[in-house]
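# Descriptive analysis of the structure
Residues per chain are reported as follows:
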Amino acid sequence: MRRRWTVLAVCCLSMFLVGLDTTIVNVGLPAIGSGLGVGTRGLEWVVDAYTLVLASLLISSGALADRFGRRRVFQFGLAVFGVASLACALAPSVGALAAARAVQGVGASMLSPVALAIVVNAMPDPKERAQAIGVWASVFGLSMAAGPVTGGALVAGVGWRSVFWINAPVVVAALALSVIFIPESRAPRARRLDLPGQALLTVVIGVSVGVLIEGPRVGWTSPVALAAYALVAVAAAGFVWVECRREEPLMDPRLFRRPVFGGAVLGAVAVFVALNVTLLLTTLYLQHARGWTALAAGAATLPMAAGATLCAPLSGHLVGRLGPRPPLVLAGGFIAAGGLCLVGLDQRTSVPLLLAAYALIGIGFGFANAPITNTAVSGLPPARAGVAGAITSTARQFGSALGIAIAGGLVAGAGPAALAQASRPGWIMVTACGLVLLLVAYASRPKARSGT
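Residues numbered from 1 in each chain as written. Predicted model: local features only at pLDDT ≥ 70, side-chain atom pairs only at ≥ 80, totals over all residues. Heavy atoms only, no water.

## Notes on the nonpolar core
In this structure, Phe74 and Leu97 are the most contacted members of the largest nonpolar core, which totals 124 residues. Sort the elements by how many residues they give to this core and helix H12 (residues 259–289) lands first, with 19 residues. The residues touching phenylalanine 74, leaving out its near neighbours within four places in the chain, are Val10, Ser14, Met110, Leu111, Val114, Ala115, Ile118, Ser178 and Ile182. (Core = buried A, V, L, I, M, F, W, Y, C linked by side-chain atoms within 4.5 Å. Buried < 20%, exposed > 50% of the residue type's maximum accessible area, 1.4 Å probe, protein only. Helix = DSSP H or I, 4+ residues; strand = E, 2+ residues; numbered from the N terminus. Contact = heavy atoms within 4.5 Å.)

## Details of the environment of alanine 89
Looking at the element boundaries, alanine 89 is found in helix H4 (residues 70–90). Spatially, the C-alpha atom of alanine 89 lies 7.8 Å from that of valine 163, the residues being 74 residues apart in sequence. Filtering out sequence-adjacent residues up to four positions away, alanine 89 remains in contact with Arg161, Phe164 and Trp165.

## Details of the pattern of salt bridges
Enumeration according to the criterion identifies 2 salt bridges in this entry. In this structure, aspartate 21 engages arginine 101 in a salt bridge whose closest nitrogen and oxygen atoms are separated by 3.5 Å. Residue aspartate 21 is located in helix H1 (residues 2–23), and its partner arginine 101 is located in helix H5 (residues 94–109); the two are separated by 80 residues in the primary sequence. One salt bridge in this structure joins aspartate 194 and arginine 246, with 3.0 Å as the shortest N-O distance. Here the residue aspartate 194 occupies a position in the loop between helix H9 (167–181) and helix H10 (195–218), and arginine 246 occupies one in the loop between helix H11 (223–244) and H12, the gap between them amounting to 52 residues. Here aspartate 194 falls in the buried class, since its relative accessible area comes to 3%. (Salt bridge = Lys/Arg side-chain N within 4 Å of Asp/Glu carboxyl O.)

## A word on the state of the cysteines
Going through the model one piece at a time under the given rule, you end up with 0 disulfides. Of the cysteine sulfurs around cysteine 12, a residue in no disulfide, the closest is that of cysteine 11, at 7.2 Å. Taking the relative accessible area as the measure of exposure, cysteine 12 reaches 9% and is therefore buried. For the unlinked cysteine cysteine 341, the closest cysteine sulfur is that of cysteine 311, found at 16 Å. (Disulfide = S-S within 2.5 Å.)

## Description of the side chain of threonine 392
Counting through the fold element by element, threonine 392 comes out in helix H17 (residues 385–411). With a relative accessible area of 1%, threonine 392 lands in the buried category. Sequence-distant contacts of threonine 392, that is, excluding residues within four places in its chain, are made with Ala268, Ile372 and Ala376.

## Notes on the layout of surface pockets
Here the second largest pocket is characterised by a volume of approximately 280 Å³. As for the second largest pocket, its lining consists of 14 residues, and the residues nearest its centre are Leu201, Ile205, Met251, Thr394 and Phe398. The set of elements that each furnish at least two residues to the lining of the second largest pocket consists of H10, H11, H12 and H17. The element contributing the most residues to the lining of the second largest pocket is H17, with 4 residues. (1 Å grid on protein atoms, 1.4 Å probe; cavity = no way out; pocket = protein on both sides within 12 Å on 5 of 7 lines; lining within 4 Å. Points joined across faces, edges and corners; volume = space filled by probe spheres on them.)

## Quick look at the packing of aromatic side chains
Going through the model one piece at a time under the given rule, you end up with 4 aromatic pairs. Relative to phenylalanine 164, the ring of tryptophan 160 lies with its centre 6.4 Å away and its plane at 90°, an arrangement referred to as edge-to-face. Taken individually, tryptophan 160 and phenylalanine 164 each receive the classification buried, so the pair is uniform in this respect. Taking the centre distance of 6.3 Å and the plane angle of 10° together, the rings of phenylalanine 334 and phenylalanine 367 count as stacked. With phenylalanine 334 in helix H15 (residues 325–341) and phenylalanine 367 in helix H16 (residues 351–378), this pair connects stretches of sequence that are 33 residues apart. Taking relative accessible area as the criterion, phenylalanine 367 reaches 5% and is therefore assigned buried. (Phe/Tyr/Trp six-rings, centres within 6.5 Å; stacked < 30°, edge-to-face > 60°.)

## A short note on the confidence of the model for the protein
Averaged over all residues, the pLDDT of the protein equals 84, while 92% of them reach at least 70. The low-confidence segment residues 447–452 (pLDDT under 50) makes 20 contacts with residues lying over four places distant or belonging to another chain. (pLDDT = per-residue confidence, 0-100.)

## Section: H10
The largest bend in H10 comes to about 40°, at leucine 212, with the proline proline 216 one to four residues further on. Every buried residue of H10 is accounted for by Gly197, Gln198, Leu201, Val204, Ile205, Ser208, Val209, Gly210, Val211, Ile213, Glu214 and Gly215. For H10, the capping residue at the N-terminal end is aspartate 194, with a side-chain oxygen 3.0 Å from the backbone nitrogen of glycine 197. One or two steps after H10, the chain reaches glycine 219, where phi turns positive at roughly 100°. (Bend = angle between axes of the 7 residues up to and from the residue. Polar contact = N/O pair within 3.5 Å; in protein donor to acceptor, adjacent residues only side chain to side chain.)

## Details of the side chain of serine 208
Among the structural elements, serine 208 can be located in helix H10. In this structure the side chain of serine 208 is engaged in a polar contact, spanning 2.6 Å, whose partner is the backbone oxygen of valine 204. Beyond its immediate sequence surroundings of up to four residues, serine 208 is in contact with Val203, Val232 and Phe398.

## Some thoughts on helix H19 (residues 424–443)
Counted at 1.5 Å a residue, the expected span for H19 with its 20 residues is 28 Å, and the 29 Å between its end C-alpha atoms agrees. For H19, every residue scored as buried is listed here: Gly426, Trp427, Val430, Thr431, Cys433, Gly434, Leu437, Val440 and Ala441. Buried residues of H19, viewed axially, fall in a sector of 160°; they line one side. (Expected span 1.5 Å × (residues − 1). Arc of directions from axis to C-beta.)

## Examining the packing of H4 against H5
In contact at an axis separation of 7 Å, H4 and H5 are set at 165° when each is read in the N-to-C sense. When the interaxial angle is binned, H4 and H5 end up roughly antiparallel. Every pair of crossing elements has a handedness; the one defined by H4 and H5 is left-handed. Contacts between H4 and H5 involve Gly77, Val80, Phe81, Ala84, Ser85, Ala87 and Cys88 on the former and, on the latter, Leu97, Ala100, Arg101, Val103, Gln104, Gly107 and Ala108. Of the residues assigned to the contact of H4 with H5, the class counts are 9 nonpolar, 4 polar and 1 charged. (Axes fitted to C-alpha atoms, helices over the stretch in contact; angles between N-to-C directions. Parallel < 35°, antiparallel > 145°, perpendicular 65-115°, else oblique. Left-handed = near helix turned anticlockwise from the far one by under 90°. Nonpolar A, V, L, I, M, F, W, Y, C, P; charged D, E, K, R; others polar.)

What follows is the structure, given as structure tokens:
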């Protein structure tokens, strides 16, 4: 039994890295921009290059692990992630940094779904497996919320490159522990790789987020933007057509005919849009408009991290006893309340109100993850639980990229004095994301008594 929980600890360590690197860079963006001489739009690519690649490759990486061995792919992903982190730390330009972040995303895509498959394989007892998945979800939520705090401390103490150097010792430790404790495993019947589906999904995700980032620069009705809209529409239609005709599709569109499952995926996108809009707008507002240091801006998100950390395990407990609906209602209510606190943001908004809003959003985020995963899994037959988890993970990362693109687009041309007012639509969007979760809670009613 001790060995099984050691396997969980090693896999959670890798998951902590994946989640941390999704948000740790946010608070260092002003320092990166100053150091590399780049504006908000270039900084958006530094964040989204990672999340776009991660979102695009999650499902295919899981299929590769089933075919070639989960421990082998997990270790390869750790190595790629570590080398790319060193490249990020040494990047001489924003282009090199964004490229290295994309390679980081390739490595991270081999960690998240593969590590979860390793944990499930190592826990044959259903009760132990449920507990392990609860720990897994809590660690992921904690890593996302802890990123800005950790990043602020590192940027203030050592400089922005340290947010990438910090990965190296963690990767080395995880690699060494994986050699000792993680057994090799494969799926009894590995799924075929769906290369056409993978290519089309990458185009849909990459171009849709890319046009949001570049839209303010090229113009929303320019020929380039119109061509991008057309490409997204054609690629999305092609993706649905291809996936409906494959025996083993990357992502079967017919799964979304189940309202409970479709609602859970929409909820996953909404939660991570809200989180990433909050993190980017907070970073830019506090450091540019209010003149705070990176450390102070990171410390301001402590209520968010505390709320997520405390409420994530409570959420898992509520899901087990009452089903997903109560924690989803709490998540939606708290996120909407946090967004409403800041819809009138200005240069003189009081610090207590800021901290209260961040705490509310963090509490909502903490309550959201476990019921969304549970709702997605319970919305499909048991044999498709793994597919449900992979699609939900993809939706989370897509929501992260979307949130960064939207928030960056809102404030890209705003100076310090106008930044607070320019960010107000972002807080309205955070509120709307909370309301979306309330709708997802309503859709989860048929499965409200299902367990974890």
